Amino acid sequence: MRSADPAGSASSALKPVEAHLADILATVRPLAPIELDLEQSLGATLAEEVSAPVPLPPFDNSAMDGYAVRAADIAEVPVTLPVVDDVAAGSDELRAVGPGHAVRIMTGAPLPAGADTVVPVEWTDGGTVSVRIGRSAGPGNAIRRAGEDVQSGDVVLKPGTLIGAAQLGIIAGVGRRRVLARPRPRVVVIATGAELVEPGGQLGPGQIWDSNSYTLTAAVREAGGEGFRAGAVGDDPAVLLDRLDTDLVRADAIITSGGVSMGAYEPVKEALSPLGTVRFEKVAMQPGMPQGFGVLGDDQVPLFALPGNPVSSFVSFVLFVRPALAKMRGLPTGMPESVTACVTGSLRSPEGRRSYLRGVLAADGTVSPVRGQGSHQLAALASANALIVVPEDVTEVPAGAEVEVIRL
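Values in this document were obtained by computation on a predicted structure and should not be read as measured data. (Residues numbered from 1 in each chain as written. Predicted model: local features only at pLDDT ≥ 70, side-chain atom pairs only at ≥ 80, totals over all residues. Heavy atoms only, no water.)

## Describing the overall build of the protein
Step number 1: The helix and strand tally for the protein stands at seven helices and 29 strands.
Step number 2: In terms of overall dimensions, the protein is more spread out than a globule: its C-alpha atoms have a radius of gyration of 31 Å, far above the 22 Å expected for 408 residues.
Step number 3: For the protein, buried positions account for 45% of its 408 residues.
Step number 4: Sequence separation of at least 24 residues holds for 71% of the intrachain contacts in the protein that already meet a minimum separation of 6.
Step number 5: About 19,100 Å² of surface is accessible on the protein, with carbon and sulfur atoms providing 52% of the total. (Helix = DSSP H or I, 4+ residues; strand = E, 2+ residues; numbered from the N terminus. Rg over C-alpha atoms; globule rule 2.2 N^0.38 Å. Buried < 20%, exposed > 50% of the residue type's maximum accessible area, 1.4 Å probe, protein only. Contact = heavy atoms within 4.5 Å. Areas by Shrake-Rupley, 256 points an atom, 1.4 Å probe, with all protein chains shown as cover.)

## A few points about the sheet that holds strand 18 (residues 253-257)
Step number 1: Here we have six strands laid out as an open sheet, ordered 17-14-18-22-21-19, and mixed in their pairing. Edge positions in the sheet fall to strand 17 (226-233) and strand 19 (278-282), since each of these pairs with one other strand and no more. Averaged over all pairs of adjacent strands, the angle between strand axes in this sheet comes to 15 degrees, irrespective of strand direction.
Step number 2: Here four bridges tie strand 18 to strand 22 (residues 301-306), and the two strands are oriented parallel to one another. Along strand 22, the bridge assignment pairs T256 with A305.
Step number 3: The strands touched by helix 4 (residues 237-247) are strand 14 (186-192), strand 17, strand 18, strand 21 (290-296) and strand 22; relative to strand 17, the strand with the most contacts, the crossing angle is about 160 degrees.
Step number 4: The strands touched by helix 6 (residues 310-328) within the sheet are strand 14, strand 18, strand 21 and strand 22, with strand 22 carrying the most contacts at an inclination of about 165 degrees. (Pairing = 2+ DSSP bridges. Axes fitted to C-alpha atoms, helices over the stretch in contact; angles between N-to-C directions.)

## A word on the sheet that holds strand 2 (residues 34-37)
Step number 1: With antiparallel pairing, three strands are arranged side by side in an open sheet as 2-13-3. Edge positions in the sheet fall to strand 2 and strand 3 (45-46), since each has one partner strand and no second.
Step number 2: Note: strand 2 against strand 13 (residues 178-182), four bridges, orientation antiparallel. Bridge pairing in strand 13 links L36 to V179.

## Some remarks on the pattern of salt bridges
Step number 1: Scanning the model with the defined rule gives 19 salt bridges in all.
Step number 2: Among the ionic pairs, E281 bridges to K15, the shortest N-O distance being 2.9 Å. Residue E281 is located in strand 19, and its partner K15 is located in the loop between strand 1 (2-3) and helix 1 (17-27); the two are separated by 266 residues in the primary sequence.
Step number 3: Judged by relative accessible area, which is 18%, E281 ranks as buried.
Step number 4: Here E18 ties to R354 by a salt bridge, and the two come within 2.9 Å at their closest N and O atoms. Placement of E18 in helix 1 and of R354 in strand 25 (residues 354-361) is noted, with a sequence separation of 336 residues between them.
Step number 5: By relative accessible area, R354 is classed as buried at 10%.
Step number 6: Each member of the salt-bridge network shares a partner with another, and the members are K15, D23, R279 and E281. (Salt bridge = Lys/Arg side-chain N within 4 Å of Asp/Glu carboxyl O.)

## Remarks on the packing of aromatic side chains
Step number 1: Per the counting criterion, the structure on display carries one aromatic pair.
Step number 2: Between F293 and F304 the ring centres are 5.1 Å apart and the planes differ by 45 degrees, which places this aromatic pair in the tilted class. One end of the pair, F293, is in strand 21; the other, F304, is in strand 22, with 11 residues separating them in the sequence. As far as burial versus exposure is concerned, F293 and F304 are alike and both buried. (Phe/Tyr/Trp six-rings, centres within 6.5 Å; stacked < 30°, edge-to-face > 60°.)

## Regarding the pairing of strand 9 (residues 117-120)
Step number 1: A two-sided burial pattern is seen for strand 9, the buried positions comprising T117 and V119 on one face and V118 and P120 on the other.
Step number 2: Note that strand 6 (residues 66-69) and strand 9 share four bridges and pair antiparallel. Bridging from a neighbouring strand, V69 pairs with T117 of strand 9.

## Structural notes on the packing of helix 3 (residues 212-222) against helix 6
Step number 1: Contact geometry for helix 3 and helix 6: axes closest at 10 Å, N-to-C directions at 25 degrees. With respect to their mutual orientation, helix 3 and helix 6 come out roughly parallel. The handedness of the crossing between helix 3 and helix 6 comes out as right-handed. Packed against helix 3, whose contacting residues are N212, T215, L216, A219 and V220, the element helix 6 presents P310, S313, F314, F317 and L325 at the interface. (Parallel < 35°, antiparallel > 145°, perpendicular 65-115°, else oblique. Left-handed = near helix turned anticlockwise from the far one by under 90°.)

This is the structure in structure tokens:
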């Protein structure tokens, strides 16, 4: 790799990426836990211990459809036994099986007293009056013992656990209908720019379809938040402030895209700079150098003012918004995790700025840069599955060099 000469660098005033993220993480707070119904708890972060009030399973039951018998009666096979009863799952009647007899039993049904093994129906002729058993089974075969999964009083989930499908299942399995958890953050996404048109609409001269609000809302949902796309606003700062006032009541965080650069008609900067609670800075990265962050309203709702170029806004989300959402969810956070890969082509990067180049990470440990690295080239981003990181002090990377890669 070729490193830049740090002396006299024109980028010395740029804010380091880590410093910008540190300021964000020092500002955002984990959401307060609330009682959530099971149906709303998926993706939330557990804020209490969950324990089992009873053993799981609570009784000995059959793991298969078959016949409950005494193992001693089928020690020598084939053997034919009379079927004296049926027991279905959910049965609350007491049943028993005596020597030389069988009880037909369904999966999940309570094991009859006296039985110590279950013969799967596949090992039999499936008889209902008598059954011919062609294979022996030792004690305990196809039986789920009481407490085999969880003993009464066992802690099954600890605070800080992310509730996925399996975790939701055990919460329901121990009889809980509601749980104390940190909810998914509600994030409102607003794109700015007079040139933006809703997808499906007709483009006029100088107009483009709005992709940022859709990309960022989807990114919020992928990151475990509840994304609400508020649509685009033009270049009038007063209109933006009205929209923000409206959306603050339903937001744990707000993301805007566009309107943060140095030119004229930058509505986000014009609207929020006078408030004194949102700072606009240049971060030592490419793409995504112009960044804004701060808080709004009495509840100090975090606001992320991201650049308007599609790739810039997405990379900014990965680096800054996603870790902040993790902290709001009560999860571990920090710089995105990375892996090392061997780059298949040469790379160039501007002096003093950390580049995040789009690439395709392969299973063999190589990463290939995609064609089209411009901050406006959304198609190239869509074909990538990783960001190739080139440090601030490196301007050229030869093919075959090891690089740091962030998975997307």
